[in-house]
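Now for the letters of each chain:
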Amino acid sequence: GRKDNPTQLQNPNSRTIEILQSMCDYYTQINDHWRILAYRKAISTLRRQTSKVTTEEEAYTLPSIGKRLAMKIEEIVSTDKLRRLDYANDKPLDQVLALFLKIYDVGTSRANKWVAQGFRTLQDLKDKAPLTTNQRIGIDHFDDLNTRIPRSEVTALGDYVKKEAAKLDPDVELLVGGSYRRGSESSGDIDFIVTKKDTTSVGELVPFLKELIDVLTEKGFLVATLAALHSSRQGKDGPGSKWHGCCVLPASNDAAAAKPIWRRIDFLLVPESEYGAALIYFTGNDIFNRSLRLLASKKGMRLNQRGLYREVMRGPGRVKVREGELVEGRDEKRIFEVLDVKWREPWERWC
Ligand code: DCP
Ligand code: MG
Ligand code: MN
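Procedures and definitions
Residues numbered from 1 in each chain as written. Chains lettered and ligands numbered in written order. Predicted model: local features only at pLDDT ≥ 70, side-chain atom pairs only at ≥ 80, totals over all residues. Heavy atoms only, no water. Helix = DSSP H or I, 4+ residues; strand = E, 2+ residues; numbered from the N terminus. Contact = heavy atoms within 4.5 Å. Salt bridge = Lys/Arg side-chain N within 4 Å of Asp/Glu carboxyl O. Buried < 20%, exposed > 50% of the residue type's maximum accessible area, 1.4 Å probe, protein only. Expected span 1.5 Å × (residues − 1). Arc of directions from axis to C-beta. Polar contact = N/O pair within 3.5 Å; in protein donor to acceptor, adjacent residues only side chain to side chain. Donors = N, O, S within 2.8 Å, 3.2 Å for Na, K, Ca; no water. Axes fitted to C-alpha atoms, helices over the stretch in contact; angles between N-to-C directions. Parallel < 35°, antiparallel > 145°, perpendicular 65-115°, else oblique. Left-handed = near helix turned anticlockwise from the far one by under 90°. Nonpolar A, V, L, I, M, F, W, Y, C, P; charged D, E, K, R; others polar. Disulfide = S-S within 2.5 Å. Pairing = 2+ DSSP bridges. Core = buried A, V, L, I, M, F, W, Y, C linked by side-chain atoms within 4.5 Å.

Caption draft 1: Summary view of the overall build of the protein chain. Each helix and strand in the protein chain was counted, giving 17 helices and 12 strands. Considering only contacts in the protein chain between residues 6 or more positions apart, those separated by 24 or more positions represent 56%.

Caption draft 2: A look at the pattern of salt bridges. All chains considered together, the criterion is met by 15 salt bridges. Residue Asp140 pairs with Lys126 through a salt bridge whose shortest N-O separation is 3.5 Å. Of this pair, Asp140 sits in helix α10 (residues 133-140) while Lys126 sits in helix α9 (residues 122-128), placing them 14 residues apart in sequence. The exposure class assigned to Asp140 is partly exposed, which follows from its relative accessible area of 43%. The partly exposed category is assigned to Lys126, whose relative accessible area is 33%. The residue Glu153 makes a salt bridge to Arg263 at a minimum N-O spacing of 2.8 Å. Here Glu153, found in helix α12 (residues 151-168), pairs with Arg263, found in strand β7 (residues 263-269); they are 110 residues apart in sequence, far enough to count as distant. Neither residue differs from the other here; Glu153 and Arg263 are each classed as buried.

Caption draft 3: Just helix α16 (residues 286-298), in detail. Along its 13 residues, α16 runs 19 Å from first to last C-alpha, staying within 8% of the 18 Å computed at 1.5 Å per residue. For α16, the complete set of buried residues consists of Phe288, Asn289, Leu292 and Ala296. All buried residues of α16 project into a common sector of 100° when viewed along the axis, lining one side. Every exposed residue of α16 that faces more than 90 degrees away from the buried side is listed here: Arg290 and Lys298. Each element contacted by the buried residues of α16 is listed here: α15 (275-283), β8 (301-304), β9 (307-310) and α17 (332-339). If you check the start of α16, you find a side-chain oxygen 3.2 Å away from the backbone N of Ile287, and it comes from Asn285. Phi turns positive, to about 70°, at Gly300, one or two residues after α16.

Caption draft 4: Looking closely at helix α7 (residues 93-101). Along α7, the residues that are buried comprise Val96, Leu97, Leu99 and Phe100. Seen along its axis, α7 keeps its buried residues to an arc of 160°; they face one direction. Check the buried side of α7 and you find it contacts α8 (108-116), α9 and α11 (142-145).

Caption draft 5: Region of the structure containing the coordination of the magnesium ion (ligand 2). Coordination of the magnesium ion (ligand 2) by the protein involves Asp189 (OD) and Asp191 (OD), with metal-donor separations of 1.9 to 2.1 Å. The manganese ion (ligand 3) is placed at 3.6 Å from the magnesium ion (ligand 2), the two being bridged by Asp189. Judged by relative accessible area, which is 18%, Asp189 ranks as buried.

Caption draft 6: How the structure looks around the packing of helix α2 (residues 14-29) against helix α3 (residues 33-47). The contact between α2 and α3 brings their axes to 9 Å, and the two run at 160°. The angle between the axes of α2 and α3 places the two elements in the roughly antiparallel class. As for how α2 packs across α3, the hand of that crossing is left-handed. Residue-level contacts link Thr16, Ile17, Leu20, Gln21, Met23, Cys24, Tyr27 and Thr28 of α2 to Arg35, Ile36, Tyr39, Arg40, Ile43, Leu46 and Arg47 of α3. Among the residues forming the contact of α2 with α3, the class breakdown is nine nonpolar, three polar and three charged.

Caption draft 7: Main features of the state of the cysteines. As enumerated under the stated definition, the model contains zero disulfides in all. Cys246 forms no disulfide, and the closest cysteine sulfur to it belongs to Cys247, at a distance of 7.6 Å.

Caption draft 8: Focus on the sheet that holds strand β5 (residues 222-227). Spatial strand order, β2-β4-β7-β6-β5: five strands in an open sheet with mixed pairing. Of all strands in the sheet, those with a lone pairing partner are β2 (172-176) and β5, marking the two edges. Each strand of the sheet is rotated relative to its neighbour by a mean of 25°, with strand direction disregarded. With five bridges connecting them, β2 and strand β4 (residues 190-196) associate as antiparallel partners. Across the sheet, Val176 pairs through a bridge with Phe192, a residue of β4. Contacting β2, β4 and β7, α15 crosses the sheet at an angle of about 180° to β4.

Caption draft 9: Broad picture of the nonpolar core. Ranked by size, the top nonpolar core spans 29 residues in total, and within it Val161, Leu174, Ile190, Leu212, Phe221, Ile265 and Phe267 carry the most contacts. Where this core is concerned, the elements lending two or more residues are α12, β2, β4, α14 (206-218), β6 (241-247) and β7. Element by element, the count of residues in this core is highest for α14, at six residues. Those residues in contact with Leu174, other than ones at most four positions away along the chain, are Val161, Lys162, Ala165, Phe192, Ile193, Val194, Leu212 and Phe267. Counting residues in hydrophobic clusters, the runner-up holds 23 residues, among them Ile36, Leu69, Ile73 and Leu82.

Structure (C-alpha coordinates):
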(Lines give C-alpha, C1' and ligand atoms only; values in the text may rest on other atoms or scores of the structure.)
(Ligands and ions follow the chains in the order given, each with its own letter.)
Protein backbone atom coordinates (compact mmCIF):
# COMPACT_ATOMS: atom_id res chain seq x y z
CA GLY A 1 0.00 0.00 0.00
CA ARG A 2 0.94 3.56 -0.48
CA LYS A 3 0.80 4.73 3.11
CA ASP A 4 3.47 2.35 4.34
CA ASN A 5 5.83 3.00 1.46
CA PRO A 6 9.00 4.29 3.17
CA THR A 7 10.25 6.05 0.02
CA GLN A 8 7.33 8.43 0.46
CA LEU A 9 9.19 9.99 3.36
CA GLN A 10 12.33 10.60 1.36
CA ASN A 11 10.86 12.64 -1.47
CA PRO A 12 7.48 14.35 -1.78
CA ASN A 13 7.34 13.26 -5.44
CA SER A 14 8.32 9.64 -4.97
CA ARG A 15 5.00 8.18 -6.18
CA THR A 16 5.11 10.30 -9.33
CA ILE A 17 8.71 9.29 -9.88
CA GLU A 18 7.83 5.63 -9.40
CA ILE A 19 5.19 5.75 -12.13
CA LEU A 20 7.30 7.80 -14.51
CA GLN A 21 10.08 5.27 -13.97
CA SER A 22 7.71 2.45 -15.02
CA MET A 23 6.95 4.38 -18.19
CA CYS A 24 10.66 4.85 -18.75
CA ASP A 25 11.23 1.11 -18.26
CA TYR A 26 8.53 0.43 -20.80
CA TYR A 27 10.12 2.77 -23.36
CA THR A 28 13.44 1.07 -22.70
CA GLN A 29 11.78 -2.24 -23.59
CA ILE A 30 10.58 -0.93 -26.92
CA ASN A 31 13.76 1.07 -27.63
CA ASP A 32 12.14 4.46 -27.82
CA HIS A 33 15.38 6.44 -27.27
CA TRP A 34 13.83 9.85 -27.45
CA ARG A 35 11.22 9.16 -24.76
CA ILE A 36 13.72 7.32 -22.54
CA LEU A 37 15.79 10.50 -22.44
CA ALA A 38 12.81 12.78 -21.83
CA TYR A 39 11.58 10.65 -18.94
CA ARG A 40 15.04 10.40 -17.35
CA LYS A 41 15.47 14.16 -17.39
CA ALA A 42 12.01 14.71 -15.93
CA ILE A 43 12.63 12.17 -13.18
CA SER A 44 15.89 13.80 -12.20
CA THR A 45 14.20 17.21 -12.08
CA LEU A 46 11.47 15.83 -9.81
CA ARG A 47 14.05 14.22 -7.52
CA ARG A 48 15.53 17.65 -6.84
CA GLN A 49 12.21 19.18 -5.75
CA THR A 50 11.66 19.69 -2.06
CA SER A 51 7.88 20.05 -2.31
CA LYS A 52 5.24 17.98 -4.06
CA VAL A 53 4.45 19.00 -7.65
CA THR A 54 0.70 18.63 -8.09
CA THR A 55 -0.46 20.65 -11.12
CA GLU A 56 0.37 20.75 -14.78
CA GLU A 57 1.21 24.47 -14.60
CA GLU A 58 3.61 23.95 -11.73
CA ALA A 59 5.33 21.03 -13.44
CA TYR A 60 5.67 22.92 -16.70
CA THR A 61 7.70 25.71 -15.07
CA LEU A 62 10.38 23.20 -14.04
CA PRO A 63 13.42 22.49 -16.24
CA SER A 64 13.23 19.54 -18.68
CA ILE A 65 9.51 19.04 -18.26
CA GLY A 66 7.46 19.72 -21.36
CA LYS A 67 3.73 20.19 -21.81
CA ARG A 68 2.89 16.49 -22.28
CA LEU A 69 4.95 15.33 -19.33
CA ALA A 70 3.49 18.09 -17.19
CA MET A 71 0.00 16.82 -18.04
CA LYS A 72 1.03 13.31 -17.10
CA ILE A 73 2.39 14.45 -13.74
CA GLU A 74 -0.91 16.09 -12.88
CA GLU A 75 -2.78 12.94 -13.95
CA ILE A 76 -0.57 10.77 -11.75
CA VAL A 77 -1.05 13.00 -8.72
CA SER A 78 -4.81 13.28 -9.09
CA THR A 79 -5.60 9.66 -10.02
CA ASP A 80 -2.60 7.88 -8.49
CA LYS A 81 -1.94 6.23 -11.85
CA LEU A 82 -1.36 6.96 -15.52
CA ARG A 83 -3.90 5.74 -18.09
CA ARG A 84 -1.17 5.48 -20.66
CA LEU A 85 0.68 3.06 -18.40
CA ASP A 86 -2.40 0.88 -17.90
CA TYR A 87 -2.50 0.26 -21.63
CA ALA A 88 1.17 -0.59 -21.72
CA ASN A 89 0.87 -3.09 -18.92
CA ASP A 90 -2.42 -4.89 -19.19
CA LYS A 91 -2.18 -5.91 -22.84
CA PRO A 92 0.72 -8.07 -23.96
CA LEU A 93 2.38 -6.50 -26.98
CA ASP A 94 1.92 -9.58 -29.17
CA GLN A 95 -1.83 -9.26 -28.61
CA VAL A 96 -1.71 -5.66 -29.79
CA LEU A 97 0.37 -6.73 -32.78
CA ALA A 98 -2.18 -9.43 -33.65
CA LEU A 99 -4.96 -6.84 -33.42
CA PHE A 100 -3.19 -4.41 -35.77
CA LEU A 101 -2.43 -7.19 -38.25
CA LYS A 102 -6.15 -7.81 -38.66
CA ILE A 103 -6.58 -4.32 -40.16
CA TYR A 104 -6.86 -4.34 -43.94
CA ASP A 105 -3.66 -3.16 -45.67
CA VAL A 106 -1.49 -3.57 -42.55
CA GLY A 107 1.55 -5.83 -42.67
CA THR A 108 3.99 -6.89 -39.97
CA SER A 109 6.41 -4.00 -40.45
CA ARG A 110 3.66 -1.36 -40.21
CA ALA A 111 2.07 -3.08 -37.19
CA ASN A 112 5.43 -3.38 -35.40
CA LYS A 113 6.15 0.30 -35.94
CA TRP A 114 2.80 1.29 -34.45
CA VAL A 115 3.42 -0.89 -31.40
CA ALA A 116 6.87 0.66 -30.95
CA GLN A 117 5.35 4.14 -31.23
CA GLY A 118 3.18 3.28 -28.26
CA PHE A 119 -0.19 2.72 -29.97
CA ARG A 120 -2.25 0.07 -28.20
CA THR A 121 -5.83 0.31 -29.46
CA LEU A 122 -7.68 0.96 -32.69
CA GLN A 123 -8.80 4.26 -31.14
CA ASP A 124 -5.13 5.22 -30.62
CA LEU A 125 -4.53 4.67 -34.33
CA LYS A 126 -7.63 6.62 -35.35
CA ASP A 127 -6.63 9.55 -33.15
CA LYS A 128 -2.88 9.68 -33.58
CA ALA A 129 -1.47 7.56 -36.42
CA PRO A 130 -1.21 8.73 -40.01
CA LEU A 131 -3.38 6.23 -41.90
CA THR A 132 -3.84 5.38 -45.55
CA THR A 133 -7.38 5.58 -46.90
CA ASN A 134 -7.59 1.78 -46.92
CA GLN A 135 -6.28 1.43 -43.37
CA ARG A 136 -8.94 3.88 -42.22
CA ILE A 137 -11.65 1.82 -43.93
CA GLY A 138 -10.13 -1.26 -42.32
CA ILE A 139 -10.36 0.33 -38.87
CA ASP A 140 -13.78 1.97 -39.33
CA HIS A 141 -15.23 -1.39 -40.42
CA PHE A 142 -12.92 -3.57 -38.37
CA ASP A 143 -15.58 -5.84 -36.87
CA ASP A 144 -17.46 -6.33 -40.14
CA LEU A 145 -14.36 -7.07 -42.17
CA ASN A 146 -13.15 -9.59 -39.60
CA THR A 147 -16.44 -11.49 -39.55
CA ARG A 148 -16.49 -14.59 -41.73
CA ILE A 149 -19.21 -14.78 -44.38
CA PRO A 150 -21.58 -17.77 -44.13
CA ARG A 151 -21.64 -19.88 -47.29
CA SER A 152 -25.33 -19.07 -47.92
CA GLU A 153 -24.52 -15.36 -47.97
CA VAL A 154 -21.60 -15.84 -50.37
CA THR A 155 -24.05 -17.67 -52.64
CA ALA A 156 -26.58 -14.84 -52.38
CA LEU A 157 -23.97 -12.12 -53.00
CA GLY A 158 -22.58 -14.15 -55.91
CA ASP A 159 -26.00 -14.62 -57.49
CA TYR A 160 -26.74 -10.92 -57.20
CA VAL A 161 -23.53 -9.99 -59.04
CA LYS A 162 -24.07 -12.66 -61.71
CA LYS A 163 -27.57 -11.37 -62.41
CA GLU A 164 -26.35 -7.80 -62.91
CA ALA A 165 -23.42 -9.00 -65.02
CA ALA A 166 -25.70 -11.01 -67.31
CA LYS A 167 -27.74 -7.87 -68.01
CA LEU A 168 -24.58 -6.11 -69.24
CA ASP A 169 -23.10 -9.00 -71.23
CA PRO A 170 -24.67 -12.47 -71.21
CA ASP A 171 -21.46 -14.01 -72.60
CA VAL A 172 -19.30 -13.03 -69.65
CA GLU A 173 -18.75 -15.83 -67.14
CA LEU A 174 -18.39 -15.24 -63.41
CA LEU A 175 -17.30 -17.88 -60.96
CA VAL A 176 -16.78 -17.61 -57.22
CA GLY A 177 -13.37 -19.12 -56.43
CA GLY A 178 -11.32 -18.99 -53.24
CA SER A 179 -12.43 -20.87 -50.16
CA TYR A 180 -16.02 -20.94 -51.48
CA ARG A 181 -14.98 -23.07 -54.45
CA ARG A 182 -13.08 -25.32 -52.05
CA GLY A 183 -16.43 -25.97 -50.36
CA SER A 184 -15.82 -23.97 -47.21
CA GLU A 185 -18.81 -23.37 -44.92
CA SER A 186 -17.65 -19.77 -44.47
CA SER A 187 -15.32 -17.42 -46.31
CA GLY A 188 -13.18 -14.41 -45.48
CA ASP A 189 -14.22 -12.70 -48.70
CA ILE A 190 -15.86 -13.29 -52.09
CA ASP A 191 -13.38 -14.05 -54.89
CA PHE A 192 -14.79 -13.56 -58.39
CA ILE A 193 -13.03 -14.86 -61.49
CA VAL A 194 -14.33 -13.10 -64.59
CA THR A 195 -13.77 -14.41 -68.11
CA LYS A 196 -15.33 -14.51 -71.57
CA LYS A 197 -15.15 -16.96 -74.45
CA ASP A 198 -12.47 -16.28 -77.08
CA THR A 199 -10.66 -13.58 -75.10
CA THR A 200 -6.84 -13.65 -75.14
CA SER A 201 -6.02 -10.51 -73.15
CA VAL A 202 -7.26 -8.91 -69.96
CA GLY A 203 -7.80 -5.63 -71.80
CA GLU A 204 -10.78 -7.10 -73.64
CA LEU A 205 -12.57 -7.51 -70.30
CA VAL A 206 -11.69 -4.21 -68.64
CA PRO A 207 -14.57 -2.14 -70.13
CA PHE A 208 -17.04 -4.77 -68.94
CA LEU A 209 -15.76 -4.76 -65.37
CA LYS A 210 -15.68 -0.95 -65.28
CA GLU A 211 -19.33 -0.93 -66.27
CA LEU A 212 -20.22 -3.64 -63.77
CA ILE A 213 -18.48 -1.77 -60.94
CA ASP A 214 -20.43 1.38 -61.86
CA VAL A 215 -23.77 -0.42 -61.89
CA LEU A 216 -23.11 -2.25 -58.62
CA THR A 217 -21.98 1.00 -56.98
CA GLU A 218 -25.05 2.84 -58.17
CA LYS A 219 -27.28 0.10 -56.74
CA GLY A 220 -25.61 0.43 -53.35
CA PHE A 221 -24.12 -3.06 -53.56
CA LEU A 222 -20.51 -1.88 -53.69
CA VAL A 223 -19.74 0.50 -50.84
CA ALA A 224 -15.96 1.03 -50.96
CA THR A 225 -13.00 0.66 -53.31
CA LEU A 226 -9.74 -0.70 -51.88
CA ALA A 227 -7.86 -1.46 -55.11
CA ALA A 228 -9.12 0.23 -58.24
CA LEU A 229 -8.97 -1.31 -61.69
CA HIS A 230 -5.64 -0.78 -63.44
CA SER A 231 -5.76 -2.17 -66.94
CA SER A 232 -2.04 -1.60 -67.43
CA ARG A 233 -0.78 -3.40 -64.36
CA GLN A 234 0.34 -6.83 -65.49
CA GLY A 235 3.33 -7.82 -63.40
CA LYS A 236 5.21 -10.97 -64.25
CA ASP A 237 3.53 -13.00 -61.53
CA GLY A 238 1.35 -10.40 -59.95
CA PRO A 239 -2.33 -9.92 -60.47
CA GLY A 240 -3.43 -8.96 -63.97
CA SER A 241 -6.43 -6.75 -63.72
CA LYS A 242 -8.15 -6.86 -60.42
CA TRP A 243 -10.56 -4.86 -58.34
CA HIS A 244 -10.83 -5.08 -54.54
CA GLY A 245 -13.50 -3.51 -52.40
CA CYS A 246 -16.43 -3.95 -50.07
CA CYS A 247 -20.07 -4.82 -50.66
CA VAL A 248 -23.31 -5.32 -48.77
CA LEU A 249 -26.20 -7.66 -49.42
CA PRO A 250 -29.01 -5.52 -50.95
CA ALA A 251 -31.79 -7.37 -49.11
CA SER A 252 -30.46 -6.04 -45.83
CA ASN A 253 -30.07 -2.59 -47.31
CA ASP A 254 -33.41 -1.00 -46.36
CA ALA A 255 -33.65 1.31 -43.39
CA ALA A 256 -35.83 -1.03 -41.33
CA ALA A 257 -33.32 -3.90 -41.48
CA ALA A 258 -30.33 -4.25 -39.20
CA LYS A 259 -27.19 -2.41 -40.30
CA PRO A 260 -25.78 -4.47 -43.17
CA ILE A 261 -22.41 -6.13 -42.68
CA TRP A 262 -19.65 -4.90 -44.96
CA ARG A 263 -18.07 -7.78 -46.90
CA ARG A 264 -14.77 -7.94 -48.77
CA ILE A 265 -15.12 -8.68 -52.49
CA ASP A 266 -12.40 -9.31 -55.12
CA PHE A 267 -12.68 -9.46 -58.89
CA LEU A 268 -9.97 -11.04 -61.03
CA LEU A 269 -10.13 -10.53 -64.80
CA VAL A 270 -8.86 -13.46 -66.80
CA PRO A 271 -8.76 -14.03 -70.59
CA GLU A 272 -10.10 -17.42 -71.62
CA SER A 273 -6.62 -18.44 -72.80
CA GLU A 274 -5.38 -18.23 -69.17
CA TYR A 275 -8.53 -19.40 -67.42
CA GLY A 276 -7.23 -22.79 -66.23
CA ALA A 277 -4.11 -21.36 -64.62
CA ALA A 278 -6.11 -18.53 -63.05
CA LEU A 279 -8.65 -21.01 -61.68
CA ILE A 280 -5.89 -22.97 -59.99
CA TYR A 281 -4.38 -19.79 -58.56
CA PHE A 282 -7.63 -18.21 -57.34
CA THR A 283 -9.01 -21.46 -55.92
CA GLY A 284 -5.98 -22.10 -53.75
CA ASN A 285 -5.44 -22.58 -51.06
CA ASP A 286 -2.17 -20.65 -50.97
CA ILE A 287 -0.22 -23.62 -49.62
CA PHE A 288 -1.59 -25.92 -52.31
CA ASN A 289 -0.55 -23.31 -54.90
CA ARG A 290 2.95 -23.12 -53.51
CA SER A 291 3.43 -26.88 -53.59
CA LEU A 292 2.12 -27.08 -57.17
CA ARG A 293 4.52 -24.34 -58.26
CA LEU A 294 7.40 -26.07 -56.53
CA LEU A 295 6.51 -29.30 -58.29
CA ALA A 296 6.43 -27.52 -61.64
CA SER A 297 9.88 -26.03 -61.06
CA LYS A 298 11.26 -29.46 -60.16
CA LYS A 299 10.06 -30.62 -63.57
CA GLY A 300 11.78 -27.75 -65.38
CA MET A 301 8.53 -25.83 -65.74
CA ARG A 302 7.02 -22.71 -64.28
CA LEU A 303 3.44 -22.29 -63.06
CA ASN A 304 1.92 -18.90 -62.39
CA GLN A 305 -1.59 -17.52 -62.53
CA ARG A 306 -1.35 -17.05 -66.31
CA GLY A 307 -0.14 -20.47 -67.36
CA LEU A 308 2.22 -23.40 -67.19
CA TYR A 309 5.50 -22.71 -69.01
CA ARG A 310 8.47 -24.81 -70.00
CA GLU A 311 11.69 -23.05 -69.01
CA VAL A 312 13.73 -22.32 -72.10
CA MET A 313 17.49 -21.79 -72.04
CA ARG A 314 18.70 -19.45 -74.72
CA GLY A 315 21.30 -16.89 -75.58
CA PRO A 316 24.84 -16.53 -74.24
CA GLY A 317 25.36 -18.55 -71.07
CA ARG A 318 22.04 -20.26 -71.75
CA VAL A 319 20.15 -17.95 -69.41
CA LYS A 320 16.55 -18.60 -68.59
CA VAL A 321 14.09 -16.81 -70.82
CA ARG A 322 11.69 -14.99 -68.55
CA GLU A 323 8.33 -16.52 -69.39
CA GLY A 324 9.50 -19.62 -71.25
CA GLU A 325 7.28 -21.45 -73.68
CA LEU A 326 3.58 -21.72 -72.84
CA VAL A 327 2.53 -25.33 -72.37
CA GLU A 328 -0.99 -24.87 -71.08
CA GLY A 329 -3.09 -22.01 -69.73
CA ARG A 330 -6.69 -22.59 -70.72
CA ASP A 331 -7.55 -25.93 -69.17
CA GLU A 332 -7.29 -26.57 -65.44
CA LYS A 333 -7.34 -30.38 -65.73
CA ARG A 334 -4.77 -30.34 -68.55
CA ILE A 335 -2.33 -28.44 -66.29
CA PHE A 336 -2.56 -31.23 -63.72
CA GLU A 337 -1.99 -33.80 -66.51
CA VAL A 338 1.09 -32.06 -67.88
CA LEU A 339 2.50 -31.83 -64.36
CA ASP A 340 1.69 -35.52 -64.00
CA VAL A 341 -0.23 -35.05 -60.75
CA LYS A 342 -3.53 -36.72 -59.97
CA TRP A 343 -6.50 -34.39 -60.48
CA ARG A 344 -7.65 -32.83 -57.23
CA GLU A 345 -11.20 -31.54 -56.96
CA PRO A 346 -11.35 -27.98 -55.54
CA TRP A 347 -12.61 -29.26 -52.18
CA GLU A 348 -9.52 -31.49 -51.97
CA ARG A 349 -7.13 -28.54 -52.22
CA TRP A 350 -6.74 -27.53 -48.59
CA CYS A 351 -2.97 -27.89 -48.75
N1 DCP B 1 -3.63 -16.74 -53.06
C2 DCP B 1 -2.33 -17.24 -53.07
N3 DCP B 1 -1.35 -16.64 -52.35
C4 DCP B 1 -1.63 -15.56 -51.61
C5 DCP B 1 -2.94 -15.03 -51.56
C6 DCP B 1 -3.92 -15.66 -52.31
O7 DCP B 1 -2.06 -18.23 -53.76
N8 DCP B 1 -0.67 -14.98 -50.89
C9 DCP B 1 -4.67 -17.42 -53.83
C10 DCP B 1 -5.10 -18.66 -53.10
C11 DCP B 1 -6.36 -18.25 -52.41
C12 DCP B 1 -6.94 -17.26 -53.42
O13 DCP B 1 -5.81 -16.61 -53.97
O14 DCP B 1 -7.21 -19.35 -52.19
C15 DCP B 1 -7.91 -16.29 -52.80
O16 DCP B 1 -7.28 -15.57 -51.77
P17 DCP B 1 -8.01 -15.28 -50.39
O18 DCP B 1 -7.10 -14.44 -49.59
O19 DCP B 1 -9.36 -14.73 -50.65
O20 DCP B 1 -8.08 -16.71 -49.66
P21 DCP B 1 -9.21 -17.81 -49.57
O22 DCP B 1 -10.37 -17.46 -50.43
O23 DCP B 1 -8.56 -19.11 -49.83
O24 DCP B 1 -9.64 -17.80 -48.05
P25 DCP B 1 -10.67 -16.80 -47.31
O26 DCP B 1 -11.88 -17.60 -46.96
O27 DCP B 1 -9.96 -16.34 -46.10
O28 DCP B 1 -10.99 -15.69 -48.26
MG1 MG C 1 -11.25 -15.61 -50.32
MN1 MN D 1 -9.71 -12.74 -51.78
